[in-house]
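In case you want the letters, here they are:
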Protein chains: 2
Amino acid sequence: MKRRDFAKAALAAALLPRPALALAAPAPAGASAKGLSLAMLLYPGMTALDVVGPQELLAGLADGGLHLVAKRAGPVESDTGLSVVATHDFAGCPRAVTVLFVPGGDGTPAQMRDAETLAFLRERAAAASWITSVCTGSLILGAAGLLDGYRATSHWCVRDRVLPLLGATPVDERVVFDRNRVTAAGISAGLDFAIALAARLKGEAYARTAQLVAEYAPQPPFRAGTPAEAGPDVARSAGEILNDLVEGSVKAASAPR
Amino acid sequence: MKRRDFAKAALAAALLPRPALALAAPAPAGASAKGLSLAMLLYPGMTALDVVGPQELLAGLADGGLHLVAKRAGPVESDTGLSVVATHDFAGCPRAVTVLFVPGGDGTPAQMRDAETLAFLRERAAAASWITSVCTGSLILGAAGLLDGYRATSHWCVRDRVLPLLGATPVDERVVFDRNRVTAAGISAGLDFAIALAARLKGEAYARTAQLVAEYAPQPPFRAGTPAEAGPDVARSAGEILNDLVEGSVKAASAPR
């Protein structure tokens, strides 16, 4: 069996004992005759890892199609200069997908002001079962009006300052589920997000299988993944790197909509 | 400051207190007047996350250039159907790079038999300061003769069975340094690998900053990242998904070279 036939593993997983955790939710909300489908937004200046972590872990369950969507199909360059190929343009993306996904990245402020992108997200969100993001992708969802009145998270550098400007209640958690909105913290949180979402969509056995295939038993060399753990000197260095993103996001969130 | 100018953060990092851990090694072996450079191999059927995790975390220190290299420049499709754009073909890749990197994936067995790819790796390895891999990328390094007599790791599904066929001593660790060879376990181990390598290349303060920017404070929803943690039922499901990769790798490793 090849990795992209992973959906078939759901059959095997269905034979496993019933999941015990509440995380492995009831019936998959977005399951249809066509199967589960994903639309993942790509845009210039996205963080590639925000997209590729979840794509890796969720590809196998997308028996209804996995669409990498951008304004125009073709290569889209990330904020570290790696280009991922968009398979569909906005018009080519199905009207109703199970999961709508938005990544973050240095290009976030421009997307928060991009009327065409925000209109695309609002339209697809109206028919999606799950509306999701990693990192500053939640600010783009917020700019589209899709997090108004929701609990949500984002990259630590913007979470508490920018989410409230968009009507959302910031939550300092790795992955936040509020009704059908699922938002994750910065960049690498996409892995935790994808496994948690896989459990909701296909059950715990499937999610655990995806985690084992990805050998996701993390051992970070340092404790430095949050500002508190990293300490003030490292937090200051990271803050300098992220300053344009933070200030640009504040401005975009404060602009009239 | 933009994320791709992250190398400049090394200046700030240099002002921080000297790293205390042994991990933050002595002088960067591959530093040259041209700066640090990376060559990351892409091939059909690679696992995209194997590449994109390290690319995200190491891009900022590659002030001497980050080359995404394939037989032909242009889009290269992963084993879950996501295409990453190769920026250089083999001929266009510099002769001497600081870090040579090989990802794993379902396409591994084909690369283990690909004379042109193996010759490319041997040539570039001769001048590289660090010869590295994530996941089954170590089997490709091994097929090129580059792990003979070295301690190494790989994805759990092939580590103990295939590495010895290539002259390497398998080690059940997340990231294995042996002289200038650095090999990592499956897929998601690329994040731990990249932070550990960043510490060797640029010091602990730089590595910790990269970790904080990526908000790498993992919280996997389950304990299922190793066969022992996942348990026999999930390990069996994952084993079925990975069976073609395992058997193909055994055959390729057993072929005369």
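Here the structure is shown first, and the text comes after it.
Remember, it's a predicted structure, so these values are computed and weren't measured experimentally.

Draft legend 1. Quick peek at the pairing of strand 11 (residues 181-184) of chain A. Residue and element names in this part refer to chain A. Of the two faces of strand 11, the one holding Arg181 and Thr183 and the one holding Val182 and Ala184 are both buried throughout. Across three bridges, the pairing between strand 7 (residues 130-133) and strand 11 is parallel. Residue pairing across strands places Thr132 opposite Val182, the latter belonging to strand 11. For strand 10 (residues 175-178) and strand 11, the ladder comprises four bridges, and the chain directions are antiparallel. Bridged to Val176 within strand 11 is Thr183. In sequence, strand 10 turns back onto strand 11 through a hairpin of two residues, with Arg179 there showing a positive phi of about 50 degrees.

Draft legend 2. Representation of the sheet that holds strand 2 (residues 66-70) of chain A. All names here are of chain A. Taken in spatial order, the seven strands make up an open sheet running 5-2-1-6-7-11-10, and their pairing is mixed. Only two strands of the sheet have a single partner each, and these edge strands are strand 5 (88-89) and strand 10. In the sheet, strand 2 pairs with strand 5 via two bridges, with the strands oriented parallel. Within strand 5, the position partnered with Ala70 by the bridge is Asp89. Running at roughly 165 degrees to strand 1 (residues 38-41), helix 2 (residues 48-58) makes contact with strand 1, strand 2 and strand 6 (99-102) of the sheet.

Draft legend 3. Region of interest: the nonpolar core. Core analysis: the biggest nonpolar cluster contains 184 residues, and Leu42, Leu121 and Phe193 of chain A together with Leu42, Leu121 and Phe193 of chain B have the highest contact counts within it. Each residue touching Leu121 of chain A, except ones within four places of it in the same chain, is listed here: Leu41, Leu100, Val102, Ile140, Ala144 and Leu146 of chain A.

Draft legend 4. View of the side chain of Ser78 of chain A. Residue and element names in this part refer to chain A. Relative to the helices and strands, Ser78 resides in the loop between strand 3 (74-77) and strand 4 (83-86). For Ser78, a relative accessible area of 2% gives the class buried. Looking at Ser78, its side chain comes within polar contact range of the main-chain nitrogen of Thr80, at 3.1 Å.

Draft legend 5. Spotlight on the relation of the copies chain B and chain A. Note on the copies: chain B fits chain A at an RMSD of 0.0 Å, the axial shift is 0.0 Å, and the rotation between them is 180 degrees. Taken together, the turn and the small shift mark the pair as related by a two-fold rotation axis. Across chain B, the smallest distance between a C-alpha and the rotation axis is recorded for Val84 of chain B, namely 2.3 Å. Here 100% of the interface residues in chain B have copies in chain A that are interface residues too; the copies meet face to matching face.

Draft legend 6. Representation of helix 7 (residues 189-202) of chain B in the model. Residue and element names in this part refer to chain B. An ideal rise of 1.5 Å per residue puts 20 Å on 14 residues; helix 7 measures up with 20 Å between its terminal C-alpha atoms. With 12 of 14 residues buried, helix 7 is to be regarded as a mostly interior element. Along helix 7, the positions that sit buried rather than exposed are Ala189, Gly190, Leu191, Asp192, Phe193, Ala194, Ile195, Ala196, Leu197, Ala198, Ala199 and Leu201. A positive phi of about 100 degrees marks Gly203, the residue just after helix 7.

Draft legend 7. Structural detail: the packing of aromatic side chains. A complete count under the given rule lists six aromatic pairs over all chains for this structure. Aromatic pair Trp130 of chain B and Phe177 of chain B: ring centres 6.1 Å apart, planes at 90 degrees, arrangement edge-to-face. One end of the pair, Trp130 of chain B, is in strand 7 (residues 130-133); the other, Phe177 of chain B, is in strand 10 (residues 175-178), and 47 residues separate them in sequence. An identical accessibility class is assigned to Trp130 of chain B and Phe177 of chain B; each is buried. Of note, Arg200 of chain A hangs over the ring of Phe177 of chain A, and the distance from its end group to the ring centre comes to 3.9 Å. The cationic tip of Arg179 of chain B hangs over the ring face of Tyr150 of chain B; the distance from NZ or CZ to the ring centre is 4.1 Å.

Draft legend 8. Summary view of the interface of chain B and chain A. Opposite the 79 residues of chain B that make contact, chain A presents 79 residues. Inspection of the region where chain B meets chain A yields zero salt bridges. Inspection of the region where chain B meets chain A yields 31 residue pairs in polar contact (both at pLDDT 80 or more). Contributions of two or more residues to the side of chain B that touches chain A are made by helix 1 (9-14), helix 2 (48-58), strand 3 (74-77), strand 4 (83-86), helix 7, helix 8 (204-213), helix 9 (227-230) and helix 10 (232-254) of chain B. At 10 residues, the largest contribution of residues to the side of chain B that touches chain A is made by helix 10 of chain B. Grouping the amino acids of the side of chain B that touches chain A by side-chain chemistry returns 44 nonpolar, 18 polar and 17 charged.

Calculation notes
Here the residue numbers are simple positions, counted from 1 along each chain's written sequence. The naming scheme follows written order: chains are lettered A onward, ligands numbered 1 onward. Where local features are concerned, this predicted model is filtered to residues with pLDDT of at least 70; where side-chain atom pairs are given and counted, the filter is 80 or more; whole-chain, interface and lining totals use all residues. Excluding hydrogens and water, the side-chain figures rest on all heavy atoms present in the structure. Only protein chains enter the accessibility calculation, which uses a 1.4 Å probe; a residue is then buried when its area is under 20% of its type maximum, exposed when over 50%, and partly exposed in between. Secondary structure elements follow DSSP: runs of H or I of four or more residues count as helices, runs of E of two or more count as strands, with numbering from the N terminus. By definition, two strands form a pair when at least two bridges between them are found by DSSP. The contact criterion used throughout is that any non-hydrogen atoms of two residues lie within 4.5 Å. A fitted line through C-alpha atoms serves as each axis, taken over the contacting stretch for helices, and the angle formed by two N-to-C directions is quoted from 0 to 180°. For the purposes of this section, nonpolar cores are sets of buried Ala, Val, Leu, Ile, Met, Phe, Trp, Tyr and Cys residues that join through side-chain atoms within 4.5 Å. Distance and chemistry together define a polar contact, namely a pair of N or O atoms within 3.5 Å, with one atom able to donate a hydrogen and the other to accept it when in protein, and with adjacent residues in sequence counting only for side-chain atoms on both sides. Each copy is superposed on the other by least squares, with the fit set by C-alpha atoms of residues at a pLDDT of at least 70 in both. The span expected for a helix works out to 1.5 Å for each residue beyond the first. Pairing of aromatic rings covers Phe, Tyr and the six-membered ring of Trp, with a centre-to-centre limit of 6.5 Å; geometry is then stacked below 30 degrees between planes, edge-to-face above 60, and tilted otherwise. Each ring is checked for a lysine NZ or an arginine CZ that lies within 6 Å of its centre and within 35 degrees of its normal; such an atom marks a charge sitting over the ring. For this analysis, a salt bridge means a side-chain nitrogen from Lys or Arg found within 4 Å of a carboxyl oxygen belonging to Asp or Glu. Classification used: nonpolar for Ala, Val, Leu, Ile, Met, Phe, Trp, Tyr, Cys and Pro, charged for Asp, Glu, Lys and Arg, polar for all others including Gly.

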